[in-house]
Amino acid sequence: MNFLWPEFLWLLLLLPVLVLWYMWLLKRRKKMAASFSSLSIIKQAAAGQASWRRHVPPALFLLALGAMLIAASRPMAVITLPSNQKTIILALDVSGSMRATDIQPTRFIAMQAAAKKFLETLPREVKVGIVAFAGAAQVAQYPTLNREDLVQAIDRFQMQRGTATGNAIVISLATIFPDAGIELAQMGTAGMGGNRPMGRSLNEPPKEKKEHVPVPPGSYNSAAVIMLTDGQRTTGVDPMEASKMAADRGVRVYTVGVGTVDGETIGFEGWSMRVRLDEETLKAVASRTAADYFYAGSATDLTKVYEKLSSRISTEKKETEISGLLALLAAMLTVISASLSVLWFNRVM
């Protein structure tokens, strides 16, 4: 716990002084009771001194005073609050390696089912967009609240060759910031299997690239990217370069690795290849953007990953000042202390 005004904490030293003063008052009353001539009066005074009720109101008032002093120091605590993220971009791998059957029935089908389940668990006010990527990346569905459109976009996926994880991140950022002038053509990918600039005709001049002032990674709370992939980058933008672009804009890129770590050899239309996870890169992308990496080695794992992501995106931890809560607690303790004192002893304290 941090404090904005920690110098006020020194006032807590007053509490043990007040305890000593209260003990001195008790001894003083005991001496006064001993001077009474009537034995019955002495017994009544002694019984009163031994009663536990006598100490409850002062103890509650002491706690209230302590809470007020801590509140004055303006404490900051990390608490979980509803997230204000309004847009989620699902960047989903549709490369040929998703035909692998190490996740039953296939990685591709398991991914589709888990993505649909994820949409069901998200709050309805969160917009979701979908970027499909293989050798190139493209927007399959612009951010929308309509879950049916998103499900239809997932059902329309067609697998292709290549894996351009970096392109997927860049296209996701261009979707989140449509007016920022983010285009793959400006990153020198035209000859690397990269995408043609999205959203304009061939004779339309490219958008002017705008200068961006970097912000702390993970500080942009209005959108996030979830990238699911099962393979290594084979073309397009370097994913570390793309993740730096995301980090500079404060956008978190959560990465999900699909498939077994050892991988599998698959064949299709006369060619075969070994497909395996590049966990090192996926972890680095998530770490650079202040996000998390998740491993999904089975269909069940994949569903659980999406459930975790849904809960993390729906809520977030923030450092928040709690002096108001402590002040309210102090007020309640003061009222209870005074009420008990009046009820038991017909006086306030």
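Residues numbered from 1 in each chain as written. Predicted model: local features only at pLDDT ≥ 70, side-chain atom pairs only at ≥ 80, totals over all residues. Heavy atoms only, no water.

1. Focus: the pairing of strand 5 (residues 137–144)
The following threshold applies: Two strands qualify as a pair provided DSSP detects at least 2 bridges between them. Helix numbers and strand numbers start at the N terminus; a helix is a DSSP run of H or I with at least 4 residues, a strand a run of E with at least 2.
One ladder, built from five bridges, connects strand 4 (residues 127–133) with strand 5; its direction is antiparallel. Counted as the bridge partner of isoleucine 130 is glutamine 141 from strand 5. The hairpin formed by strand 4 and strand 5 contains three residues between the paired strands.

2. What to know about the packing of aromatic side chains
Under the convention used in this document: Put simply, two rings from Phe, Tyr or Trp (the six-membered ring, in Trp's case) pair if the centres are within 6.5 Å, and we call them stacked under 30 degrees between planes, edge-to-face over 60, tilted for the rest. The rule is simple: take the accessible area with a 1.4 Å probe, protein chains only, and divide by the maximum for that residue type; under 20% is buried, over 50% is exposed, in between is partly exposed. Any Lys NZ or Arg CZ that is within 6 Å of a ring centre and within 35 degrees of that ring's normal is treated as a charge sitting over the ring.
Enumeration over the complete set of coordinates arrives at two aromatic pairs. Arranged with centres 5.1 Å apart and planes meeting at 50 degrees, the rings of phenylalanine 118 and tyrosine 306 form a pair that is tilted. Of this pair, phenylalanine 118 sits in helix 4 (residues 107–121) while tyrosine 306 is found in helix 9 (residues 299–314), placing the two residues 188 residues apart along the sequence. For tyrosine 306, a relative accessible area of 2% puts it in the buried group. Sitting over the face of the ring of tryptophan 5, arginine 74 holds its NZ or CZ atom 5.0 Å from the ring centroid.

3. So, the environment of proline 143
Relative to the assigned elements, proline 143 resides in strand 5. Proline 143 sits in the partly exposed class, given a relative accessible area of 25%.

4. Structural notes on the nonpolar core
Worth spelling out the cut-off: Side-chain atoms within 4.5 Å are what join buried Ala, Val, Leu, Ile, Met, Phe, Trp, Tyr and Cys residues into a set we call a nonpolar core.
Val256, Leu302 and Tyr306 are the most contacted members of the largest nonpolar core, which has 67 residues in total. Top contributing element to this core by residue count: helix 4, with seven residues.

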